[in-house]
Amino acid sequence: MIVNIARRAHDHNWELDPITRSLLDTDFYKLLMLQFIWKHFPNTRATFSLQNRTTAVRLGEIIELHELREQLEEARKLRFHKSELIWLAGNTFYGRRGMFEPAFLEWLDVDFRLSDFDLSVEDGQISLRFDGLWTETTMWEIYSLAIIDELKTRASLKKLTEFELDILYARAKTRLWEKMERLRGVPGLSLSDFGTRRRHSFLWHEYVVKAMSDVLEANFAGSSNTYLAYKHDLEAIGTNAHELPMALTALAETDEEMRDAQYRFLELWQQTYQGELLILLPDTFGTTQFLRDAPDWVADWTGQRVDSKDPFVAGDEYIQWLEQHGRDPRRKRFIASDALDVDRILALHAHFGGTIRDGASPEDFRAPKDFCDAGKWIPHRRIRFSSGWGTFLTNDFRNCNPRGDQSFDPVSLVCKLSEVEGRPAVKLSDNYAKAMGPSEAIDRYRGIFGTAGVANVPVEA
């Protein structure tokens, strides 16, 4: 696959080059959650708000507000194409056909709309808020993040000459190849693309996914990006996210109902998808308290995704919990997805995918040859481990800029549920630095859920 990305990037100086070209250009879990919301909470109102956790990068001074407004308005005009709905209806996801109900697909075709938005700049940062029916606001999360990230990229691209653009992408391609070389041929390795929300651009995202598919072959499990899965015949990866337990907990009345909401959500999700898509995301209010108080049937779920906890700690904690509940961890799946890059992916695979021997450590596994040394490692999995590779797959341009500055470095940008029916929505996380919500609400939630197992570490992109 030969793509002149520098030439294409240079041509982005058109009056309006839409960033979001399809409503499928989103994470697959957003569509699954949209169906869940449409089915159970069609009249619930919800607000989503943008937050830039990399406060040193003043996005409001980098991105032209009128350009952002035009891109958001362009996204609002989009509708699902018939061919896309036919694919959703007829394709097999996770081995099952008919994951999306005919009535839901008809609603997508006829009635689905994105809400309006409130946009401004406050103290150098973009203030962006989506308020309306939950079914109208939830999908904005990924569209808005992808749009803002690409507008940041375009603002930096405009400063480079065509030759400098060529150097920029040559360096990024070389880095991508070096990463893939270290991963290609590692026995039992499983990787997925989780990079939509913080990608460099749509074009680069597609280039990376196609390269990963071609080079890593069976070790590349698929993409969380529904449009790229649709276009390139890949597996669409994803289940659910923090948004759902946050909302159900915000709607609860008493402290006890709030503690139970994270499990009531699991019951409702399990009923909705007839026992499929059963991957836990237990860190909304802290993984340790979630596992400690979980009903026994939760251990029957297929696996767990770790987001905000040290994945080595979280995986060992999950394995121990499964064993305590009489389940075989080797039959379960454990997915790491936070700030991954090659070093950590290989170390985690060594730790969970086999037995490390002769005093070696996970960090000693840096290339395929390290996994082929029987004196160092034996492939005998402790759990079915896989990596959801995000920012540093689709937006690693660190030190690639020929002008030597960090303008292409990724920022930690999120667009999260902030209110449900006028009540604050809170995420505590396994990292104090990732807690979201009004400070008084966070304090109340910590009083209810506790802080067991929560760490305080810097937030990576």
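Everything that follows concerns the structure shown earlier in this document.
Residues numbered from 1 in each chain as written. Predicted model: local features only at pLDDT ≥ 70, side-chain atom pairs only at ≥ 80, totals over all residues. Heavy atoms only, no water.

Engineer: Even after reading the chapter, I still don't get the sheet that holds strand 5 (residues 125–133), so can you show me in this structure?
Structural biologist: Within a sheet, neighbouring strands are paired by backbone hydrogen bonds and run either parallel or antiparallel to one another. Pairing within the open sheet is antiparallel, and its five strands lie in the order 4-5-1-14-15. Each end of this open sheet is capped by a strand with a single partner; those strands are strand 4 (118–122) and strand 15 (423–424). Sheet topology places strand 1 (residues 45–52) next to strand 5; five bridges connect them, and they run antiparallel. Note that in strand 5 the partner of Thr 47 across the bridge is Asp 131. Lying on the sheet, helix 11 (residues 243–251) is in contact with strand 1, strand 14 (413–420) and strand 15; it crosses strand 14 at an angle near 25 degrees. (Pairing = 2+ DSSP bridges. Helix = DSSP H or I, 4+ residues; strand = E, 2+ residues; numbered from the N terminus. Contact = heavy atoms within 4.5 Å. Axes fitted to C-alpha atoms, helices over the stretch in contact; angles between N-to-C directions.)

Engineer: Would you mind showing me how to read empty space enclosed by the protein here?
Structural biologist: The method is simple in principle: a probe with the dimensions of a water molecule rolls over the atoms, and the space it marks as empty is what remains. One pass over the full model with this rule turns up six cavities of 30 Å³ or more. Contributing to the lining of the largest cavity are 15 residues, with Pro 245, Phe 265, Leu 281, Thr 284 and Phe 290 lying nearest its centre. Those elements that place two or more of their residues in the lining of the largest cavity are helix 12 (255–272) and strand 8 (279–280). Among the elements that line the lining of the largest cavity, the one with the most residues is helix 12, at three residues. Partitioning the lining of the largest cavity into residue classes produces 11 nonpolar, four polar and no charged. (1 Å grid on protein atoms, 1.4 Å probe; cavity = no way out; pocket = protein on both sides within 12 Å on 5 of 7 lines; lining within 4 Å. Points joined across faces, edges and corners; volume = space filled by probe spheres on them. Nonpolar A, V, L, I, M, F, W, Y, C, P; charged D, E, K, R; others polar.)

Engineer: For this particular structure, what's the right way to read the pattern of salt bridges?
Structural biologist: As a working rule, side chains carrying opposite charge can pair if their charged atoms are close by. Tallied over the full model, the rule gives 42 salt bridges. Note that Arg 76 and Asp 116 form a salt bridge whose closest N and O atoms lie 3.6 Å from each other. In this pair, Arg 76 is assigned in helix 3 (residues 65–77) and Asp 116 in the loop between helix 5 (102–110) and strand 4, connecting sequence segments 40 residues apart. Under the relative-accessibility criterion, Arg 76 is labelled partly exposed at 26%. (Salt bridge = Lys/Arg side-chain N within 4 Å of Asp/Glu carboxyl O. Buried < 20%, exposed > 50% of the residue type's maximum accessible area, 1.4 Å probe, protein only.)

Engineer: What am I meant to see in the layout of surface pockets here?
Structural biologist: Computed from the structure, the largest pocket encloses a volume of approximately 940 Å³. Breaking the lining of the largest pocket down by element, the ones donating at least two residues are strand 8, strand 10 (333–336), strand 13 (384–389), helix 17 (391–394) and strand 14. Sort the elements by how many residues they give to the lining of the largest pocket and strand 13 lands first, with three residues. Broken down by class, the residue content of the lining of the largest pocket amounts to 17 nonpolar, 17 polar and 15 charged.

Engineer: Just to check I follow, could you spell out the packing of helix 2 (residues 28–40) against helix 12 for this structure?
Structural biologist: The geometry of a pair of packed helices is captured by two quantities: the angle between their axes and the separation between those axes. Interaxial distance between helix 2 and helix 12 falls to 11 Å at its minimum, and their mutual angle equals 100 degrees. When the axis of helix 2 is compared with that of helix 12, the two are roughly perpendicular. Contact with helix 2, carried on its side by Leu 32, Met 33, Phe 36, Lys 39 and His 40, involves Phe 265, Leu 268, Trp 269 and Thr 272 of helix 12 and no other residues of that element. Split by residue class, the contact of helix 2 with helix 12 holds six nonpolar, two polar and one charged. (Parallel < 35°, antiparallel > 145°, perpendicular 65-115°, else oblique.)

Engineer: Help me understand the nonpolar core in this model?
Structural biologist: Soluble globular proteins tend to pack their nonpolar side chains together in the buried interior. Counting 145 residues, the largest nonpolar core has Leu 88, Phe 100, Leu 108, Trp 269 and Trp 389 as the members making the most contacts within it. With near-sequence residues (within four places) excluded, Phe 100 lies in contact with Phe 28, Leu 31, Leu 32, Gln 35, Leu 88, Phe 93 and Leu 105. (Core = buried A, V, L, I, M, F, W, Y, C linked by side-chain atoms within 4.5 Å.)

Engineer: Mind showing me how you'd approach the sheet that holds strand 8 here?
Structural biologist: Taken in spatial order, the six strands line up as 7-6-13-10-9-8 in an open sheet, and their pairing is parallel. Taken across any chain shown, the strands that pair with only one partner, and hence form the sheet edges, are strand 7 (220–223) and strand 8. Taken together, the four bridges between strand 9 (residues 303–306) and strand 10 define a ladder with parallel strand orientation. What sits directly across from Arg 305, in strand 10, is Ile 335. Those strands touched by helix 9 (residues 202–216) are strand 6 (191–193), strand 7 and strand 13, and its axis lies near 155 degrees from that of strand 7. Each of strand 9 and strand 10 is contacted by helix 14 (residues 311–324), which is oriented at about 165 degrees to strand 10, the strand it contacts most.

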